[in-house]
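The residues making up each chain are set out below.
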Amino acid sequence: MRVGLHALGIGDGARPEVIRAVATAAEACGFARLWCGEHVVLVDAPTSRYPYSADGRIAVPADADWLDPLLALSFAAAVTDRILLATGVLLLPEHNPVLVAKQAATLDVLSGGRFGLGVGVGWSAEEFAALGVPFERRGRRTDEYLAAMRTLWAEDPATFTGEFTRFEAVRVHPKPLRGDLPVLVGGNSRAALRRAARAGDGWYGFNVPMADVPARVAELAEECAHQGRSLDELTVAVAPSDGTPADLPELAAAGVTEVVVVAAPPPAPEEAVAWVAELARTWIRAPG
């Protein structure tokens, strides 16, 4: 069971000295991956329901620092050598897919092939409105953008014609180091699981109650079977909302391949180093 850490980019985790401390300590302590999420804007009184909490509210204050995840992970890549990196998640339909394809491949090259692109469809209608992107049909837009990006990574020159994006005989370099780039689909809905099985290299379940994990992974396996794939082909990363190290055997038995610890680092770099070390003692060296 691999253990990832979702701790960068927000609040104290947005400070460069803390990012450096957390990233280097996480690598030294044996964490498998650093995750960093995205919101371009937040609003004080949203009408959109946050899907990852029981009360429908996001815990992050609207005025908190929240770094762009690709830039934050580029900084983390520069101070580390081995630990994997992933967006958890980038809200793909809010972006131009040609630009994201280039940015993601650039980060993959700069990190030596350590980057995985975690994507989601988004939940905040207010955020989409601020960016001038239709909130409706964002799932379909995400599917098309993923197909367009894989075309850009695989072909040279590349041509794609869709409803939301199109390009003809363009060359986008650099290419990802492995020829393609791992895409991890975030979201806990059946539609997200279907998208992961159809178009992803993995699934990232965020804030999933422990009691729901086996059913979610079983649903993912069903969707993989419908696509002629095996669950073993996918990374199954889960950040349980109420999990403890004692739950690691149960998570592994359910088919989870990476448990993601979500936590906020302390503000001082030296405290952050000790904090990461304690998390590692608790999670990575946990019995079972």
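Residues numbered from 1 in each chain as written. Predicted model: local features only at pLDDT ≥ 70, side-chain atom pairs only at ≥ 80, totals over all residues. Heavy atoms only, no water.

Undergrad: Please explain the overall build of the protein chain as it appears in this structure.
TA: From N to C terminus, the protein chain includes 9 helices and 11 strands. In terms of C-alpha radius of gyration, the protein chain reaches 18 Å, essentially the compact-globule figure of 19 Å for 288 residues. Projected onto its principal axes, the C-alpha positions of the protein chain cover 50 × 40 × 40 Å. With 288 residues in all, the protein chain has 51% of them scored as buried. Here the contacts in the protein chain between residues at least 6 apart in sequence split such that 70% fall between residues at least 24 apart. Counting only carbon and sulfur atoms, one obtains 54% of the accessible surface of the protein chain, whose full area is about 12,400 Å². The distance from the centre of the 26 positive side-chain charges to the centre of the 36 negative ones in the protein chain is 5 Å. (Helix = DSSP H or I, 4+ residues; strand = E, 2+ residues; numbered from the N terminus. Rg over C-alpha atoms; globule rule 2.2 N^0.38 Å. Buried < 20%, exposed > 50% of the residue type's maximum accessible area, 1.4 Å probe, protein only. Contact = heavy atoms within 4.5 Å. Areas by Shrake-Rupley, 256 points an atom, 1.4 Å probe, with all protein chains shown as cover. Lys, Arg positive; Asp, Glu negative; His and termini not counted. Charge placed at Lys NZ, Arg CZ, Asp CG, Glu CD.)

Undergrad: Honestly, the packing of aromatic side chains in this entry has me stumped. Any pointers?
TA: Each aromatic ring pair is specified by the distance between its two centres and by the angle formed by the two planes. Applying the stated criterion across every chain yields a total of 7 aromatic pairs. On the basis of an interplanar angle of 70 degrees and a centroid distance of 5.5 Å, the ring pair of Tyr50 and Tyr52 is categorised as edge-to-face. Note on Tyr52 and Phe206: the rings are 5.7 Å apart at their centroids and 85 degrees apart in plane angle, and the pair reads as edge-to-face. Here Tyr52 is found in the loop between strand S2 (33–36) and helix H2 (69–78), whereas its partner Phe206 is found in strand S9 (residues 202–208), with 154 residues between them in sequence. Every member of this aromatic cluster is reached through a ring pair, and the members are Trp35, Tyr50, Tyr52, Trp123, Tyr204 and Phe206. (Phe/Tyr/Trp six-rings, centres within 6.5 Å; stacked < 30°, edge-to-face > 60°.)

Undergrad: I would appreciate a short explanation of the side chain of Lys175 in the present structure.
TA: Tracing the chain through its elements places Lys175 in the loop between strand S7 (166–170) and strand S8 (183–186). The side chain of Lys175 is buried and forms no salt bridge, while Asp156, the nearest opposite charge, is found at 4.5 Å. Of the polar contacts made by the side chain of Lys175, one reaches the backbone oxygen of Glu155; its length is 2.9 Å. Those residues in contact with Lys175, other than ones at most four positions away along the chain, are Ala105, Val109, Leu152, Trp153, Glu155 and Asp156. (Salt bridge = Lys/Arg side-chain N within 4 Å of Asp/Glu carboxyl O. Polar contact = N/O pair within 3.5 Å; in protein donor to acceptor, adjacent residues only side chain to side chain.)

Undergrad: Would you mind showing me how to read the nonpolar core here?
TA: When a protein is soluble and globular, its nonpolar side chains tend to lie buried together. Ranked by internal contacts, the top residues of the largest apolar core, which has 72 residues, are Leu5, Phe31, Leu117 and Leu220. It is helix H1 (residues 16–29) that contributes the most residues to this core, 8 residues altogether. Membership of the second largest hydrophobic core comes to 12 residues, among which are Trp35, Tyr204, Ala237 and Ala239. (Core = buried A, V, L, I, M, F, W, Y, C linked by side-chain atoms within 4.5 Å.)

Undergrad: Please clarify how the pairing of S9 should be interpreted in this entry.
TA: Regular strands place side chains that alternate from one sheet face to the opposite one. Counting buried residues in S9 gives 6 out of 7 residues, a clear majority hidden from the surface. In the sheet, S8 pairs with S9 via 3 bridges, with the strands oriented parallel. Residue pairing across strands places Val185 opposite Trp203, the latter belonging to S9. In the sheet, S9 pairs with strand S10 (residues 235–240) via 6 bridges, with the strands oriented parallel. The partner of Phe206 across the bridge, within S10, is Ala239. (Pairing = 2+ DSSP bridges.)

Undergrad: Where do I start with the layout of surface pockets in this structure?
TA: Of the pockets and cavities examined, the largest pocket occupies roughly 980 Å³. Lining the largest pocket are 45 residues, and of these Tyr50, Tyr52, Trp66, Gly88 and Phe206 lie nearest its centre. Those elements giving two or more residues to the lining of the largest pocket turn out to be strand S5 (115–120), helix H5 (138–154), S8, helix H6 (190–199) and S9. When grouped by side-chain class, the residues that make up the lining of the largest pocket number 25 nonpolar, 15 polar and 5 charged. There is about 240 Å³ of room inside the second largest pocket. Around the second largest pocket, the lining is made up of 19 residues, and of these Val43, Asp44, Pro46, Ile58 and Trp123 lie nearest the centre. Counted by class, the lining of the second largest pocket contains 10 nonpolar, 4 polar and 5 charged residues. (1 Å grid on protein atoms, 1.4 Å probe; cavity = no way out; pocket = protein on both sides within 12 Å on 5 of 7 lines; lining within 4 Å. Points joined across faces, edges and corners; volume = space filled by probe spheres on them. Nonpolar A, V, L, I, M, F, W, Y, C, P; charged D, E, K, R; others polar.)

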